[in-house]
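# Reading the structure
Chain residues, written in single-letter form:
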Amino acid sequence: FEMARRYDSRTTIFSPEGRLYQVEYAMEAISHAGTCLGILASDGIVIAAEKKNVHKLLDDSVLAEKIYRLSDNISCTVAGITADANILINHLRLSAAQYKLAYGEEMPVEQLVQDLCNQKQRYTQVGGKRPFGVSLLYAGWDRHYGYQLYQSDPSGNYTGWKATCIGNNHSAAVALLKQEYKSPTLAEAKTLAMKVLSKTLDVKLAPEKVEMSILVHRDGKTFLEELSHSEVAGLIKEQEEREKEAEAAASKK
Amino acid sequence: RKMWGLTARDDERDTEDALGETFDVNAVEAPVSGNFTFPNPPLGLQPKGFVNAHFGPGSAAKSLQFRKGTTTLAFVYEPLTENDVGGIIVAVDSRASAGEYISSKSVMKILDVGDHMVATMAGGAADCQFWCRSVHKYCNLFELRERSTITVSAASKYFANVLYGYKGQGLSVGSMVAGYDKRGPQIFMVNSEGDRSLLKVCSVGSGSLNAYGILDTYYQPKMSDEEARKLGRRAIMHATYRDAGSGGVCNMVHITPTKKVRYPGVDVSKLWYEFADEIGRDIAYDPRDD
């Protein structure tokens, strides 16, 4: 990376190897952030995130840290620089609200993702400003494609997923999801989410460290329901028991 | 020869002649291409002046004046017994008129502004619909950012501030924002003059005087749900009977602490027949010739 020093101070130029270093450095920033994962189930979407800012004195009734609602039918979770994330979330909420005012119906999920990604891409080509150090997972429902899960990164690129993970230890998480993802129901997806989280967390799994929500479409309305403290604790307990059994089975051999 | 819309001083009296003159040339006689250029509004057009000149009194299209030809009313009441719920009754007529012409008999004049609030429509239908939707968008954004429901006071204040920004530019909006929040049931009357008042009993529109007559006579702070609904309908019925700008069906919404209930529209002539039956009077008044 020594060569990189000469080419990394401006986002709007390529390096000789054809890379945009500022974008890559942004992704590096994100890989230190709290893990977020999303899993598409047949009857909903599970979103789970690790809360890094856990402090006894923190008043967490005011702001959500990780999972945000963008409109009636779309939610997102963020990994990266929180201040950058707040700007993007404001922009997303405004986009979705303006679409609803103009067309009288909910903004389709992919359109909202594209809208923001086009904005993010501008910061890699125009103006000399640094890109946003945020990756987002979007979970939503619309009548065109049903339940959808998208991921976007600082380059402005986005992709659709059945299950994915961003943030700390995301490659290990994606590898595990690749093995274990088998068209789950919502309940199975919750279990899978907890399994993946326990692998990616550097600290011990606890209900205070985890923010988990499910997005479901029922009776013509989309709901984002945050899992209660007790439900998360229950899932953690089940996970720990599964780990104990796995250890016991392994040591018996 | 003055082309329509090309001068900024559109409030001159002889605009009408010029209008007729160019109108004939451009529309009645077959337009000759090359001779006709589409009239464009000039830069620096004054909206209120333009509206007044072409649609105001003394113009050719004065039937498009916004006279708030409507009756809308809302009142807050407390429950009389435990079987009653209390809350707010909002009742409106459904007539849209352009001067003497009734352009619609079935306008929905109660618009949603958020999940717990409604706003009524009086004045320019387009103005009310557009700005109510804009306020609805603002309430949605507010609830996403603040993670709590917006109060009626805040929503109506936002609405009033927006309208004040366009004061003098020809908007015509007379709206009542009604809803339930942590401070209880509230009705704010907001209009395009920039006025905003908290009221317990309120009526807006050309038929409001008639509606106030009934409301002021029969309103009690504590009523049963049935009485409250009847009062709302009765007031609308009387207003539509005597006001040419009101008619159609009576649409009603009952806002309770927990939900908004929309009632299906009742034709006002049906309401009048019910009233006539109650007072035992024949609807046709036939004076005896002594």
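Residues numbered from 1 in each chain as written. Chains lettered and ligands numbered in written order. Predicted model: local features only at pLDDT ≥ 70, side-chain atom pairs only at ≥ 80, totals over all residues. Heavy atoms only, no water.

### Concerning the UniProt feature "active site" (unreviewed entry) in chain B
Residues and elements named next belong to chain B. The cut-off we apply is this: UniProt positions are given in the numbering used here, feature names are shortened, and annotations may be inferred rather than shown by experiment. The numbering of helices and of strands both runs from the N terminus, where a helix is a DSSP run of H or I of at least 4 residues and a strand a run of E of at least 2. For every residue, the accessible area (1.4 Å probe, protein chains only) is compared with the maximum for its type, and the residue is labelled buried under 20%, exposed over 50%, or partly exposed between those bounds. Two residues qualify as a contact provided that any one of their heavy atoms is within 4.5 Å of a heavy atom in the partner residue.
Following the UniProt record, one finds the feature "active site" (unreviewed entry) at Thr70. By the element assignment, threonine 70 lies in the loop between α2 (47–55) and β1 (72–79). Judged by its relative accessible area of 2%, threonine 70 is buried. In this structure threonine 70 touches Asp93, Lys109, Met121, Ala122, Val204, Gly205, Ser206, Gly207, Asp243, Gly245 and Ser246, once residues within four positions along its chain are discounted.

### Regarding the sheet that holds strand β7 (residues 174–181) of chain B
Residue and element names in this part refer to chain B. Heads up, the condition is: Between any two strands, at least two bridges found by DSSP are needed for them to pair. In this analysis, axes come from line fits to C-alpha atoms, helices being fitted only over the stretch in contact, and the angle between any two N-to-C directions falls in the range 0 to 180 degrees.
The strand order across the open sheet formed by 5 strands is β5-β6-β7-β8-β9, and the pairing between neighbours is antiparallel. Taken across any chain shown, the strands that pair with only one partner, and hence form the sheet edges, are β5 (110–112) and β9 (196–199). Taken over all neighbouring pairs, the strand axes of this sheet differ in orientation by 25° on average, direction set aside. As paired elements, β7 and strand β8 (residues 184–191) share 8 bridges and run antiparallel to each other. Counterpart to alanine 178 in the pairing with β8 is isoleucine 187. Against the sheet, helix α3 (residues 125–146) makes contact with β5, β6 (117–120) and β7, and its axis sits at roughly 30° relative to β5, the strand it touches most.

### Structural notes on the pattern of salt bridges
Heads up, the condition is: By salt bridge we mean one thing: a side-chain nitrogen of Lys or Arg within 4 Å of a carboxyl oxygen of Asp or Glu.
Following the criterion strictly, the structure yields 18 salt bridges over all chains and no others. Measuring nitrogen to oxygen at the nearest pair gives 3.7 Å for the salt bridge that ties aspartate 112 of chain B to arginine 262 of chain B. In this pair, aspartate 112 of chain B sits in strand β5 while arginine 262 of chain B sits in strand β13 (residues 260–267), placing the two residues 150 residues apart along the sequence. Aspartate 112 of chain B sits in the partly exposed class, given a relative accessible area of 34%. Residue arginine 262 of chain B is classed as partly exposed on the basis of its relative accessible area of 38%. Salt bridges sharing partners connect three or more residues here, namely Arg69, Asp72, Lys100 and Glu106 of chain A.

### Topic: the packing of aromatic side chains
Heads up, the rule is: Two aromatic rings, drawn from Phe, Tyr or Trp (for Trp, its six-membered ring), form a pair once their centres lie within 6.5 Å of each other, and the interplanar angle then sorts them: stacked below 30 degrees, edge-to-face above 60, tilted otherwise. Cation placement over rings: the criterion is NZ of Lys or CZ of Arg within 6 Å of the ring centroid and within 35° of the ring normal.
Considering all chains together, one arrives at 12 aromatic pairs over all chains under this definition. Centroid distance tyrosine 150 of chain A to tyrosine 158 of chain A: 6.0 Å. Interplanar angle 70°. Geometry classified as edge-to-face. Ring centres of phenylalanine 130 of chain B and tryptophan 131 of chain B lie 5.0 Å apart, and the angle between their planes is 85°; on these two criteria the pair is classed as edge-to-face. Judged by its relative accessible area of 13%, tryptophan 131 of chain B is buried. Feature note: the residues Phe75, Tyr77 and Tyr219 of chain B constitute an aromatic cluster, connected by ring pairs. The cationic tip of arginine 218 of chain A hangs over the ring face of phenylalanine 223 of chain A; the distance from NZ or CZ to the ring centre is 4.9 Å. The side chain of arginine 233 of chain B reaches across the aromatic face of tyrosine 263 of chain B, ending 5.9 Å from its centre.

### Describing the side chain of threonine 164 of chain A
Residues and elements named next belong to chain A. For the record, the criterion: Here a polar contact is taken to be a pair of N or O atoms separated by no more than 3.5 Å, where protein atoms must pair a possible hydrogen donor with a possible acceptor and residues adjacent in sequence count only if both atoms sit in side chains.
Its location among the elements puts threonine 164 in strand β8 (residues 163–166). Among the residues examined, threonine 164 registers a relative accessible area of 1% and is labelled buried. A distance of 2.9 Å separates polar atoms of two side chains, one belonging to threonine 164 and the other to glutamine 151. Ignoring anything within four residues of it in the chain, the contact list for threonine 164 reads Cys36, Leu37, Gly38, Leu137, Leu149, Gln151, Val174 and Leu177.

### Notes on the packing of helix α2 (residues 82–103) of chain A against α3 of chain B
Worth spelling out the cut-off: What sets the label is the angle itself: under 35 degrees gives roughly parallel, over 145 gives roughly antiparallel, 65 to 115 gives roughly perpendicular, and the rest give oblique. Helix crossings get a hand from a simple test, with the near helix turned counterclockwise from the far one by less than a right angle marking a left-handed crossing and a clockwise turn marking a right-handed one. All amino acids are sorted into three groups, where Ala, Val, Leu, Ile, Met, Phe, Trp, Tyr, Cys and Pro are nonpolar, Asp, Glu, Lys and Arg are charged, and the leftover types, Gly among them, are polar.
Two numbers describe how α2 of chain A lies on α3 of chain B: the axes approach to 10 Å, and their chain directions differ by 150°. It follows that α2 of chain A is roughly antiparallel to α3 of chain B by the angle criterion. For α2 of chain A against α3 of chain B, the interelement crossing comes out right-handed. Between α2 of chain A and α3 of chain B, the contacting residues are Asn90, Arg93, Leu94, Ala97, Gln98, Lys100 and Leu101 of chain A on the first element and Arg133, Ser134, Lys137, Asn140, Leu141, Leu144 and Arg145 of chain B on the second. Of the residues belonging to the contact of α2 of chain A with α3 of chain B, the class tally is 5 nonpolar, 4 polar and 5 charged.

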